[in-house]
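For reference, the chains in residue letters:
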Amino acid sequence: MKPAAEEGCPTEDLLAKAQAGDAEAFIRLIEQHKQSLYKVARGFFTEPMDIEDAVSETVLSCWEYLSQLRKPTYFKTWLIRVLINHCIDVRRRRERLVSMDKLPEVPVQNPDPGNLHFESLVNCLPPDYRPVLILFYGEGFSVREIAVLLHLPTGTVSSRLKRGRERLAAVLKGKECI
Amino acid sequence: MDLDRELTALFKEDISLPEPVQAGLERSYDKLRHRGNAKAPRRSGKTVRVLLLAAVLASLFSITAFAAYLSRMNVQLNQGERQIYRWDDHDTASNPLLVLHFDVPEEGNLYYFQPGWLPLPPDGTGNLDSSGIYSAWSNLKGRASRTAFEEGLDEDAVLERLAADAGLSQEELEQWYWLCENVPGGSGDIPYQIRIYSPADLYGLSFLVGQTGGAVEILSEETDEQWTCLTATADYSSLSNMGMDRVNYVFRFQQEEGYLLSVTGTEDPETLNKIADGLKVLKTGATAAFSGDLNQQNYTILEPGRG
């Protein structure tokens, strides 16, 4: 994947400062990527509390291990990777508390009016398809990279992408959902 | 506007974070400010691993572009034909495409491996337990836990049954792998990736090697009644967008059992073969059958190297 998020921004400088211990520089980096963090986490969860947990844990653990990131161009990929692992962790913790398959799907409560497009699209997708479509269209990852990020076979990612795309095509034609 | 563009625009649209999420971020920032300036991020301990695979012409991997690509390359494989590999007949002189296809049963035992020898990890410690080489999700236990989670099964019961089937203790489930990669820090380099494909993983699957225009060459090939061993290399030095000069491939296909050991990466072929020599294989009592859409599952692209 082309490390798109770093195009034309002073990530390298901020990263160097952050790796030297400058928390404000790291916060600026996170601010640059917070929408991506939210969108990817939203692919896993509908409850803002879960999204908040995953995003917050990601920020803290990335700060802790920031020195291990060697190439600034991969900062965003690294961030997303850590986030996905936290999402999986949070989901497992929730799973232990309550059997998720007994819970009805709850759309995000009162989404910001500016978020309606994104939220509507996500809500129209089956839960398993959401991270795939968000990573592919929203974050620019390839099928293979998504397979690695989500720990899924490439064929499964391709299949979900294809079916999700078909579902959204129908949605955009006004035939389903929304 | 075509659908892909429209979806990209919609998914990339700027949004506002819901208040609880933004508030959580602010709390994290406060914690960082308190910790941060007093203590720089730590430089040792557990590695947060980043798994990155090749950046091979991102558009190639979109469904439509990939289908178009396959059509252009005229790849045609006959299901069930006993054929280990062949060169694609399209333009083999300038753009050889190596296609590997394995004739295996649709159902079979599950196989896992343990590395016996690995090159020193980049941090030079040589300590396999702390080097960060192994990813938690790539071992037998991790895979089973995930399956249990995805299928809504009781994880403990699944692991207990798996341990019984495999003849292993619960702890030993963590010591056998289906995939491991050397992923140094966040560099995106993948010097080597080891993977074992059980028959159910391999059924109906074809590997495309060198599909991005790299010049592929078979370095050695040995076949006996048990094994087909193949070492190949792809030279990408003429391609500016690959970010790597060469990827090497070692394949060892166990014909009778129907599993495949694949060791690929930017390490030299001798090193990859040495890794393959040291692999120990576990045949578990657990079995799995191919499940999925063959049309979607039919091709996989092997390009480890740089993310």
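Residues numbered from 1 in each chain as written. Chains lettered and ligands numbered in written order. Predicted model: local features only at pLDDT ≥ 70, side-chain atom pairs only at ≥ 80, totals over all residues.

We now examine the overall build of chain A. Secondary structure assignment for chain A yields eight helices and zero strands. Shown N-terminal to C-terminal, the secondary structure of chain A runs as helices and strands in the order α-α-α-α-α-α-α-α. Taken across its 178 residues, chain A has 52% of its residues classed as buried. In chain A, of all internal contacts separated by at least 6 residues, the share reaching a separation of at least 24 is 66%. (Helix = DSSP H or I, 4+ residues; strand = E, 2+ residues; numbered from the N terminus. Buried ≥ 20, exposed ≤ 12 C-beta atoms within 10 Å, placed from the backbone. Contact = placed C-beta atoms within 7 Å.)

Our next topic: the overall build of chain B. Secondary structure summary: chain B contains eight helices and twelve strands in total. Considering chain B as a whole, with its 307 residues, one finds that 40% of them fall into the buried category.

So, about helix H3 (residues 48–64) of chain A. Taking 1.5 Å per residue, 17 residues should reach 24 Å; H3 of chain A reaches 24 Å between its end C-alpha atoms and fits that length. Buried residues of H3 of chain A: Pro48, Ile51, Glu52, Asp53, Ala54, Val55, Ser56, Thr58, Val59, Cys62 and Trp63 of chain A, and no others. (Expected span 1.5 Å × (residues − 1).)

A few words on the environment of phenylalanine 290 of chain B. All names here are of chain B. Looking at the element boundaries, phenylalanine 290 is found in the loop between strand S11 (280–289) and helix H8 (294–297). Taking the C-alpha atoms as reference points, phenylalanine 290 and tyrosine 203, 87 residues apart in sequence, are found 6.4 Å from one another. Residues in contact with phenylalanine 290, not counting those within four places in the same chain, are Glu106, Ala200, Tyr203 and Gly204.

Now for the packing of helix H1 (residues 11–19) of chain A against helix H2 (residues 23–44) of chain A. Residues and elements named next belong to chain A. Interaxial distance between H1 and H2 falls to 7 Å at its minimum, and their mutual angle equals 140 degrees. The angle between the axes of H1 and H2 places the two elements in the oblique class. The two elements H1 and H2 meet at a crossing, and its hand is left-handed. Contacts between H1 and H2 involve Thr11, Leu14, Leu15, Lys17 and Ala18 from the former and Ala25, Phe26, Arg28 and Leu29 from the latter. Considering only residue class, the contact of H1 with H2 consists of six nonpolar, one polar and two charged. (Axes fitted to C-alpha atoms, helices over the stretch in contact; angles between N-to-C directions. Parallel < 35°, antiparallel > 145°, perpendicular 65-115°, else oblique. Left-handed = near helix turned anticlockwise from the far one by under 90°. Nonpolar A, V, L, I, M, F, W, Y, C, P; charged D, E, K, R; others polar.)

Let us look at helix H8 (residues 154–172) of chain A. Helix length check: H8 of chain A (19 residues) gives 26 Å between terminal C-alpha atoms against 27 Å at 1.5 Å per residue, within 8%. Here H8 of chain A has its buried residues at Thr154, Gly155, Val157, Ser158, Ser159, Arg160, Leu161, Gly164, Arg165 and Leu168 of chain A.

The next point concerns the nonpolar core. The tendency in soluble globular proteins is for nonpolar side chains to be buried side by side. Among the nonpolar cores identified, the biggest contains 61 residues, and Phe26, Ala41, Val55, Leu83 and Ile146 of chain A are the most heavily contacted of them. Ranked by residues supplied to this core, first place goes to H2 of chain A with ten residues. In terms of nonpolar packing, the next biggest core, distinct from the first, is built from 42 residues, Ile194, Val216, Phe253 and Leu272 of chain B among them. (Core = buried A, V, L, I, M, F, W, Y, C linked by C-beta atoms within 7 Å.)

Right, let's get into the confidence of the model for chain B. Residues and elements named next belong to chain B. Model confidence for chain B is summarised by a mean pLDDT of 66, while 54% of its residues fall at 70 or above. Least confident of the elements in chain B is helix H3 (residues 63–73), whose mean pLDDT is 31; most confident is helix H7 (residues 269–278), at 94. In this model residues 37–96 is a low-confidence stretch, pLDDT under 50, and it forms 113 contacts with partners more than four residues away in sequence or in other chains. In the model, residues 122–137 has pLDDT below 50 throughout and makes 26 contacts with residues more than four positions away in sequence or in other chains. (pLDDT = per-residue confidence, 0-100.)

Another point: the packing of H2 of chain A against H3 of chain A. All names here are of chain A. Two elements in contact, H2 and H3, have axes whose closest approach is 10 Å; the angle formed by their N-to-C orientations is 145 degrees. Relative to H3, the crossing made by H2 is right-handed. Together, Phe26, Ile30, Leu37, Tyr38, Ala41 and Arg42 of H2 and Ile51, Ala54, Val55, Thr58, Val59 and Trp63 of H3 make up the contact between the two elements. Residue composition of the contact of H2 with H3, by class: ten nonpolar, one polar and one charged.

Residue and element names in this part refer to chain B. Burial analysis of strand S10 (residues 259–265) places seven of its seven residues in the buried class, the great majority of the element. Because side chains alternate across S10, one face comprises the buried residues Tyr259, Leu261, Val263 and Gly265, and the other comprises Leu260, Ser262 and Thr264, equally buried. By the bridge criterion, five bridges tie strand S5 (residues 193–197) to S10 in an arrangement that is antiparallel. The residue of S10 that forms the bridge with arginine 195 is serine 262. (Pairing = 2+ DSSP bridges.)

Attention shifts here to the confidence of the model for chain A. Residue and element names in this part refer to chain A. Confidence along chain A averages 77 in pLDDT terms, with 75% of residues attaining 70 or more. Per-residue pLDDT stays below 50 along residues 1–9; that stretch engages in 24 contacts with residues further than four places along the chain or on separate chains. Contacts of residues 96–111 to residues separated by more than four positions or lying in other chains number 15 contacts, the stretch itself having pLDDT below 50.

Attention shifts here to the environment of lysine 34 of chain A. With respect to the helices and strands, lysine 34 of chain A occurs in helix H2. Taking the C-alpha atoms as reference points, lysine 34 of chain A and valine 55 of chain A, 21 residues apart in sequence, are found 8.6 Å from one another.

Another aspect to go through is the environment of threonine 73 of chain A. Residue and element names in this part refer to chain A. As for its placement among the helices and strands, threonine 73 is situated in the loop between H3 and helix H4 (75–97). Classification of threonine 73 by C-beta neighbours within 10 Å gives buried; the count is 20. C-alpha of threonine 73 to C-alpha of threonine 11: the two residues are 62 residues apart in sequence and 8.0 Å apart in space.

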